[in-house]
Amino acid sequence: MATTQTLNKPTTMRGFGGFLRNKRWQKALRLLTGTCVCALLSLGVYFLTQNFSWWESADKYADHGRNYNLTPFDINDAARVCTNKTADRFGDQLVRSYVDYHSTRYDARLAIYKVFMHAQLGDLYLHSDAPIHCFVDPKEHIVTHYRSFEARKSLMTRAISFISL
């Protein structure tokens, strides 16, 4: 028969349930969970705000027939990459595009080419102008940043719409 001493003996916390009832472990688990949630949210925000597409591969818009080992990648190649990207991006909507060579430059601090373009979108007579910023990595031959701004009506389009009133 059991004595009263063995019946009144306090039970010790054993197993995983014991860890969950321990206040130190609860605090540590909360801290670990909070850190993991913050890290995942930060990664999510980082990947959602990237300006380049993950499905684009290196040399997608570069000239495949050119040997970059003989002549290095230069500003004209960067402009060609951005022109090809613009043609791919806008498709049939693109009337013409041209590079602003006065603003286009190599940024030595960031080690990228900054190409500034203008695209005319619409049809041949009624089109709007859209400025474009395109940054190209000369080592990977890939567009690292591409942004087209809101298109504004061209002078020709505004004149035709004014005359047709």
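Just above sits the structure.
A short tour of the structure in this document, coming up. Predicted model only: the values in this text are computed from it and were never measured. (Residues numbered from 1 in each chain as written. Predicted model: local features only at pLDDT ≥ 70, side-chain atom pairs only at ≥ 80, totals over all residues. Heavy atoms only, no water.)

## Let's talk about a nonpolar patch on the surface
We apply this condition: Patch membership requires over 30% relative accessible area and the absence of a salt bridge. Like charges are linked within 9 Å, and nonpolar side chains (Val, Leu, Ile, Met, Phe, Trp, Tyr) within 5 Å. The protein chains shown are the only cover counted for residues, whose accessible areas, like all others here, come from Shrake-Rupley with a 1.4 Å probe. The term salt bridge refers to a pairing of a side-chain nitrogen on Lys or Arg with a carboxyl oxygen on Asp or Glu at a separation within 4 Å. Secondary structure counts use DSSP, requiring at least four H or I residues in a row for a helix and at least two E residues in a row for a strand, with both numbered from the N terminus.
Together, Leu124, Tyr125 and Leu126 give the surface a local cluster of nonpolar side chains, amounting to about 340 Å² of exposed area. Position of tyrosine 125 relative to the elements: it lies in the loop between β3 (112-122) and β4 (127-137).

## Looking at unusual backbone geometry
Positive phi outside glycine occurs at alanine 111, with the angle close to 60°. Position of alanine 111 relative to the elements: it lies in the loop between β2 (105-107) and β3. The backbone of histidine 141 sits at a positive phi, close to 60°, despite the residue not being glycine. Structurally, histidine 141 is set in the loop between β4 and β5 (142-148).

## Considering the nonpolar core
Note the following rule: Residues belong to a common nonpolar core when they are buried Ala, Val, Leu, Ile, Met, Phe, Trp, Tyr or Cys residues joined through side-chain atoms within 4.5 Å. Buried means the residue's accessible area, taken with a 1.4 Å probe over protein chains only, is under 20% of the maximum for its type, while exposed means over 50%, and partly exposed covers the values in between. Contact between two residues is taken to exist if any of their heavy atoms lie within 4.5 Å; hydrogens are not considered.
Phe73, Val115, Cys134 and Val136 are the most contacted members of the largest nonpolar core, which has 21 residues in total. For this core, the elements supplying multiple residues, two or more each, are α4 (75-90), β1 (94-99), β3, β4 and β5. Those residues in contact with phenylalanine 73 that sit more than four places away from it in its chain are Arg66, Tyr68, Ala78, Val81, Tyr113, Val136, Pro138 and His141.

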